[in-house]
Each structure stands twice: as structure tokens, then as C-alpha cells.
Amino acid sequence: GRVGRGKRKYHFGSSRYAGAITGKVQYDGTRLRKETVQYIRGFDPAQWSADPIVTVVEGVAYRQGEVIDTTDARGRVNGKQIIADHEAFDAVVNLAQTLTSEADKQPEGGVHERDGYLEAVRRLEAVLLSDEVAAKLVGNQAMDFCKQDGITEIEESVQATDVERKLNDMLSKDEVLGKVAIQRHPAFIGCVSNFSNFLDLFRKTLRNIELGVPVVILSRSNTSQHCYRWFQILSQLMGVFGVPQHLVSFASLSIDQQRQLMKTFPKSPCYFTGSREIAKLIREVCPLLVASTGGPNTMLCTEFTPKVAEAVRMSACIENSGQCTALRHLVSPPLPDAWLEKEVFGSIQTVDSSVQSLEQNGFYDLVAGLPSEGPDNKKPGYIPAHSSLPIFYREGAGGALPASIEENWRRVYLDVTSTDKEFLSSDGFTRSLCDWLIEHQPISLSVNGPLDLALRMWEGSGLCVFSWGSPEGPAALSCQARPQDGECFGEFPPRKELREHTRFPVIVPTPTPGYNTNYQAKQLEFVDSLAPIAHTVAFCNPLLDQLTNGAVKGFCKVILNYLVDAATGPKRGAGARSCLFGLQRPPLGAGKTALVCTESTTIDDLAPVMLPFYATNARDAYQIVVPPSNASLLSALSKLPSKPAVKKADGVADAASYYNIVHVSPMSSFPLVGHFVSLYISVGHCKSVKGDDDAFFDAFEASPKWLRVGP
């Protein structure tokens, strides 16, 4: 059971990771849709006031404190919440302190003594995903957040959690074998409004508690009712299936109380999905924040066809512009007169409530009453894209890309960058667009145009979600990714700012407890002494031979063995669309990554960060910046047969010319290699929206952007 042997099981892009993605789990939401509508129709709105949101610790509800109104997505009062008083807050803190003390006692390199939670949680999860219970999850979310299509989210919960359960099993097995140590300090869950059932309940809560990691679910400042209600359902089922109540608490807190709580427990991670601004604020008080953040999703089209109009309409209006993958930015030839008003948004439907959309299988209707500006009360610089509905756009002509794009959550706003068709496909414009994408880091880019244009855009950008379609159809949307099929999903901050927002990029699917799992130094020293590296990376031995810290050297061997398995080009997805996923080089033509050293940096400090470049075809994409005074590091680098690019300087003066800037520091812990490597290279998927698309596979599989090991 050595760390350095065997396949890198659950790490992104590895062979065993790819093997967990089968696409075989089927789901039919027909009955769930019917039961959800029935649940909503029979729901008593007074229920959420009679049974308010409260703090619950070890199954005990604390009902004293300030009583406030809760509001739904339309700003309407929909219930009550009791903000924790001193007694309730102290109960959360006291339990977290007890759990932290227990986690601190976890033996170095040993296996945590668990009580067999996994089997009970899996049985509990099956009940949560049954139509009868799932109807409550979807219905509560529809009433609170006004979500139109919670059915697809449950489908993703059924199918993607099947993959993540397999990955969790692999992680757990590695802990039993002594390869890794899952940290069991209580994890804080910052709930998201629009995808809380899959992301918060299944990914963040169940996957943690089944491996013995306790969680504290934090209340929201709006649309908090549906998150509390899934907690109540979960807590009740935990009692039925014998899962200890200390594993899940609900903290009904003010923002100040939440910040105080996180600041008190610096060893606790927080899992958060939301805006970059909020993530940055959380990171100030939670060093182990693992955050998924949004971005201005972009579509590039070369023709104005009915299929493109439909793709823009669906993408811009999905969930009343309340989905993280909603379209915010269209790049196109100059807009034809009234094209947006007539062809794109002219046929948009409005509904009185989200239950109408559920009944009609809708997902991109406008819901009456959601916060919106009227035609005469719009944001400066935008003009109406509809005669009566609150839909607005602004057009930057001549290829002028916007300096910034406000998300305008639940409001349909579209920025358009237009230029003539010939210039649109030119190398000069596509390079400037790729640079813009790198700076603003959308979640997704969709290209409806020629294959060669799509390939250039994918190679020159570093987005997690990339889709290619045809103006004649099928066209690509900004809002389509099925992680259960290999269409791996992630919401990353801009690369240069990544560490300001999150400890690691978050990829779906991955085992959530792995983000706070470490290799132990003793195990890594064991790897150093016994585990060989593959012959394909033997050229790295002159670097390894100079390392003096056994744990660092062992960690470097684990990195190399992961790269040997995962950095072998793309893996094919398992769904109806033609998908490729895997490790990728940083964007081609985007500038280098600077590894900035200080006068005290050693070769042991530098080697782990250097290896994802040095050992792969990304070796031309980085530069080591070393102060002239650090003679020992310069000497060590000069001894390498494969000479890395070294710049003698005290720091970086021309930061704008670099793709990324990494300040090298000693390793204070040894995280899972998949997460560590993702800090420096690109991860994600690209796809054609057509199935069995040989032209796509031929062009994209051969791309030099895929990360590959070799001298």
C-alpha cells in the first residue's frame, strides 16, 4: 500500500478516474416532475413561518434569538428565521472545538477510527433520491429560489454522484492502506441558491460525512429556506439510519457571526459556490476556503441563423439568468437590425411562477416578479432587447471587448462584441479574445462557427468548459455540461488571482473530502526510499537527486507517477456528445508562468512546482525567476541536463506579460497531487455537441495543448 505505486486513482484525468465515468446510469424524471408539481400545489406557505429556520446542533434546535423574515428570489417574505443568540452560537463553537480536538488527535500516518458511516449514508442517500423525497427537494427550491428546472439537477445528482461515490471509495481505501490522511476538522458549507441540492447536499455534505468528516451548514442571507429544509430532511433520515447527529449541524447566523466562526477554526475548510467578491471576503477569514466562482460566459458565432438565435435565447435566459453558466457575452458580426428583439427574444415566454415551467418542461422562461428593471429603468449604457420585457443589451462595435461585465444575477443582460466577419476569424482578433477570456475567466466558451476557429479558441484559452457547434445546428449553448459523462465542470477565478479566492480549483466530479486530504511526511519518505519512477520520466532523476528533504522528494515522485498516468493526452467522455477531457497545457500563446523565487528559495522548495512543466510538453511555458544573490539555487538549476528557462532578477517587473505568477515557498503540507498540479496547469473538457463527431476528435485529439509527459 505505498503512496508511489499503482494508478493515481481518483485524481483528475487519471486512468482510474476516467474509468469511473461510464455514462451507464439512466434516469427518468417524468414521475418526479409530476410529484413535484403536486407537492407545490398542496404546500401550505405558513409552514415556513410556523417552523422557522433555527440553529441545530447534535439534533437540538435552539429557538431563542432575533426573529427575522426570510425572502424568496422575488424579495417576497416567505417565512421566518431565528438568528442564533449567544447560547446557540456557543453550542456551534463548542461542538466544533470538540470535533477539532478529535481531528487533531488523528495519528500521523495512521488510519482514523471510523464507525461505518459510509454504508448507512448510502442507504440514506437512496431515500433522498427517491421520487417522493426528491419532489420535496425540487419543490422547496422552486418555491424559494423560483427555479424552473430542478428535475435536471436531481438527474445530475443521481448520475454524477454515482461517479463521485466511486471516487470517494478509492480515497477511503487509500486511507485504510495508510497512503493518505483525510483531515476531519469540521467543514463549513456555504450554500448556493440555484444548485444547492446537488452541490451542497450531495457533493459537499454527504460525501464528507460518509467518510467521517463533520459539516456545519451555514444559513444564507436570502433564499435560505430550501437549504434549511433539505437539512431537516437529512437530519431526520440520519436518525432513521443511525448516522450520528454530530456529523451535520445547521448554523443560523448573521454574516458577522459566520466570519467569527470561520476565523475561530483556521484548520476547517469552507466549501463555497458563489461570486468572486464573496469568495475573496471569505478567504480573508478562512485560509482553507475551497471556492467555485462564476464568470462572464461567452459565445462566439460567425452566422446569424435560427439555431444560433435559439442558442443565445436559451443560454441568456436559463433560469431567468439565474444559472452560473448563463450567457453574458456574445461575440459576433455586427448585429442585424432588430435581430435580438425579433429572432432571439421575440418568442420568450413569461410565467407567473416556476411551477408553470415545471409543468411545461421549461427552463428559460422569464418568471414574473423576479427583481428586474423595466424598459425605462435599465442600467446605464444598455438598451432594450425587447419591447416590453426586462431584457437589455449593449454592443461594442469594431471588436471592442468590454473592460468588465457585471453578472446581473436573475436579470437578462447581454454584452455584445461585434466586428466584421473576416476580422472575427483573424489571428489578431482571436488572440485578443483569448487574452480577454484569460483575464476574465468565464466558466464556459461556446463557439458556433468553423472547426479551425473553435480549435484556435480552445487552444488559446484556459476554460474548464468548451463547446463547439454549428450555426446550421446543432448549435452549442453556454449552459451545457454533464460532468457524469466526462464533461467535467469547474468555476475558476482568473489564474493570476486564483489564490486570492480559493485554495484549489474545484472540479466536478471529484471526491470532496480530498480537498482537505494530505500525504503524511513519513509516508512520503517511505516513497522516496522505495518507490521508483517510471522510465518515461527518468530524465527527471538529475533534479530528484539534488533534493535533500525525503518527504519533498517522495512528493515529487508521486507527482511524476501521476503525470505518467494522467498526462498522456485526452480521455473520451461517455455521453451522447463527443467529449474529450484531461490535463492541458496552459493556454498556447498566452505568455509564460513565472516561478518567482527569493534569495532563500531552495531546490527542494522549487522542485514540486517546477515538475508539471519540467516533466511535460509545458516546459516551454514557464520561466524560473531567481535573484542573482541565490547562488546555490542557480547552481542547482545549472546542473540539470534539460536546462530550464531561468531569469536572474529580483522579482517580476513586467507582470502583465505573464500568464501566471507563482511565488515559490516551502511545502508546509502535501495535498493530493491532482489538486496540487491543477494550481499550475489547465484542466477541463472540450466537446462537440454532435455525437460520434470524427472531425472533432481528429482535430482536437491531435492538439499540442494536451499535457503529455516526456523529455
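Here we summarise the structure given alongside this text.

1. Considering the overall build of the protein chain
- Along the protein chain, the regular secondary structure elements total 25 helices and 27 strands.
- The globule rule puts the C-alpha radius of gyration for 711 residues at 27 Å, and the 25 Å found for the protein chain is close to it.
- Viewed in the frame of its principal axes, the protein chain has a C-alpha envelope of about 70 × 65 × 45 Å.
- Sequence-distant contacts in the protein chain: of pairs separated by 6 or more residues, those separated by 24 or more amount to 76%.
- For the protein chain, the accessible surface area stands at approximately 25,000 Å², while carbon and sulfur atoms represent 50% of it.
- Of the charged side chains in the protein chain, 71 are positive and 78 negative; the average position of the first set lies 5 Å away from that of the second.

2. Looking at the environment of Thr-71
- The residue Thr-71 is located in strand E3 (residues 65-71) in this model.
- With 241 residues separating them along the chain, Thr-71 and Val-312 place their C-alpha atoms 30 Å apart.
- Excluding residues within four positions of it along the chain, Thr-71 makes contact with Arg-76, Val-77, Asn-78, Asp-144, Asn-222 and Thr-223.

3. Some points on the pattern of salt bridges
- All chains considered together, the criterion is met by 34 salt bridges.
- For the salt bridge of Glu-164 with Arg-203, the shortest nitrogen-to-oxygen distance reads 2.8 Å. Of this pair, Glu-164 sits in helix H7 (residues 150-176) while Arg-203 sits in helix H8 (residues 196-209), placing them 39 residues apart in sequence. Each member of the pair, Glu-164 as well as Arg-203, is classed as buried.
- Residue Lys-280 pairs with Glu-500 through a salt bridge whose shortest N-O separation is 3.0 Å. Taken together, the positions of Lys-280 in helix H11 (residues 276-285) and Glu-500 in helix H18 (residues 498-501) put the pair 220 residues apart, joining distant regions of the chain.
- Relative accessible area serves as the criterion here: at 40%, Lys-280 is assigned to the partly exposed category.
- Salt bridges here are not isolated pairs; linked through shared partners, they connect Arg-122, Glu-125, Arg-165, Asp-169, Arg-207 and Glu-210.

4. As for the nonpolar core
- In this structure, Leu-128, Leu-583, Leu-595, Leu-606 and Met-610 are the most contacted members of the largest nonpolar core, which totals 141 residues.
- Apart from the residues within four sequence positions on either side, Leu-128 is in contact with Val-133, Ala-134, Leu-137, Leu-201, Phe-202, Leu-206, Ile-233, Leu-234 and Leu-237.
- The next biggest cluster of nonpolar side chains, apart from the first, holds 30 residues, and it includes Ala-311, Phe-345, Ile-391 and Cys-479.

5. Quick look at the packing of aromatic side chains
- Inspection of the entire model under this criterion finds 26 aromatic pairs.
- Taken together, a centroid distance of 4.8 Å and an interplanar angle of 70° make the contact between Phe-363 and Tyr-364 edge-to-face.
- Three or more aromatic residues link up through ring pairs in this structure, and these residues are Trp-458, Phe-466, Phe-696, Phe-697, Phe-700 and Trp-706.
- Its end group placed over the ring of Phe-697, Arg-572 keeps NZ or CZ at 3.7 Å from the ring centre.
- Between the NZ or CZ atom of Lys-705 and the centre of the ring of Trp-458, over which it lies, the distance is 4.6 Å.

6. Remarks on the environment of Ser-578
- Considering the arrangement of structural elements, one finds Ser-578 in strand E22 (residues 578-584).
- Along the chain, Ser-578 and Lys-690 lie 112 residues apart, while their C-alpha atoms are 6.1 Å from each other.
- With near-sequence residues (within four places) excluded, Ser-578 lies in contact with Cys-686, Lys-687, Ser-688, Lys-690, Gly-691, Asp-692, Asp-693, Phe-696 and Phe-697.
- In this structure the side chain of Ser-578 is engaged in a polar contact, spanning 2.7 Å, whose partner is the backbone oxygen of Lys-690.

7. Overview of the sheet that holds strand E15 (residues 383-384)
- A sheet is described by the order of its strands in space; here 10 strands give the open sequence E15-E16-E17-E12-E11-E18-E19-E27-E22-E21, paired in mixed fashion. Edge positions in the sheet fall to E15 and strand E21 (571-572), since each has one partner strand and no second.

8. Comments concerning the side chain of Asn-297
- Checked against the element boundaries, Asn-297 lands in strand E11 (residues 297-301).
- Residue classification places Asn-297 among the buried positions, given a relative accessible area of 0%.
- Separated by 2.9 Å, the side chain of Asn-297 and the backbone oxygen of Ala-326 make a polar contact.
- Polar side-chain contacts of Asn-297 include one of 3.1 Å to the backbone nitrogen of Ile-443.

9. A word on the packing of helix H21 (residues 550-566) against helix H22 (residues 603-614)
- Look at H21 against H22: their axes get within 10 Å of each other, and the N-to-C directions meet at 5°. Taken as axis vectors, H21 and H22 run roughly parallel relative to one another. Along the contact surface, H21 presents Val-552, Phe-555, Cys-556, Ile-559, Leu-560 and Leu-563, while H22 presents Asp-604, Ala-607, Pro-608, Leu-611 and Pro-612.
- Considering only residue class, the contact of H21 with H22 consists of 10 nonpolar, no polar and 1 charged.

10. Concerning H11
- All of the buried residues along H11 are Arg-276, Ala-279, Ile-282, Arg-283 and Val-285.
- Packing partners of the buried residues in H11 comprise helix H10 (255-264), strand E9 (270-274), strand E10 (289-293), helix H16 (427-440) and H18.

Thresholds applied
Each chain carries its own residue numbering, running from 1 in the written order of its sequence. Local features are withheld for residues below a pLDDT of 70 in this predicted model, meaning they are given only at 70 or higher, and side-chain atom pairs are given and counted only at 80 or more; totals for whole chains, interfaces and linings count all residues. Only heavy atoms go into the side-chain values, all of them from the structure, while hydrogens and water stay out. Secondary structure counts use DSSP, requiring at least four H or I residues in a row for a helix and at least two E residues in a row for a strand, with both numbered from the N terminus. It is over C-alpha atoms that the radius of gyration is taken, and the globule rule equals 2.2 Å times the number of residues to the power 0.38. Should any heavy atoms of two residues lie within 4.5 Å, those residues are counted as being in contact. Throughout, the Shrake-Rupley method with a 1.4 Å probe supplies accessible areas, and for residues the shown protein chains are the sole cover considered. Charged-residue counts in this description rest on Lys and Arg as positive and Asp and Glu as negative, His and the chain ends being excluded. Working definition for charges: the position is that of NZ of Lys, CZ of Arg, CG of Asp or CD of Glu. Should a side-chain nitrogen of Lys or Arg be within 4 Å of a carboxyl oxygen of Asp or Glu, the pair is scored as a salt bridge. Summary of the burial criterion: residues with accessible area below 20% of their type's maximum are buried, those above 50% are exposed, and those between are partly exposed, where the area comes from a 1.4 Å probe applied to protein chains only. For our purposes a nonpolar core is just a set of buried Ala, Val, Leu, Ile, Met, Phe, Trp, Tyr and Cys residues, chained together by side-chain atoms within 4.5 Å. Aromatic contacts are taken between Phe, Tyr and Trp rings whose centres are within 6.5 Å, Trp giving its six-membered ring; a plane angle under 30 degrees counts as stacked, one over 60 as edge-to-face, and the others as tilted. Any Lys NZ or Arg CZ that is within 6 Å of a ring centre and within 35 degrees of that ring's normal is treated as a charge sitting over the ring. For the purposes of these results, a polar contact is taken to be a pair of N or O atoms within 3.5 Å, where, inside protein, one atom must be able to donate a hydrogen and its partner to accept one; residues adjacent in sequence count only when each atom of the pair is a side-chain atom. For two strands to pair, DSSP has to find at least two bridges joining them. Axis lines are fitted through C-alpha atoms, for helices just across the contact stretch, and the angle between N-to-C directions can take any value from 0 to 180 degrees. Any angle between 65 and 115 degrees counts as roughly perpendicular, while under 35 counts as roughly parallel, over 145 as roughly antiparallel, and the rest as oblique. Residue classes follow a fixed rule: Ala, Val, Leu, Ile, Met, Phe, Trp, Tyr, Cys and Pro count as nonpolar, while Asp, Glu, Lys and Arg count as charged, and any other residue, Gly among them, counts as polar.

Keep in mind that these numbers describe shape and distance, not what the molecule does.
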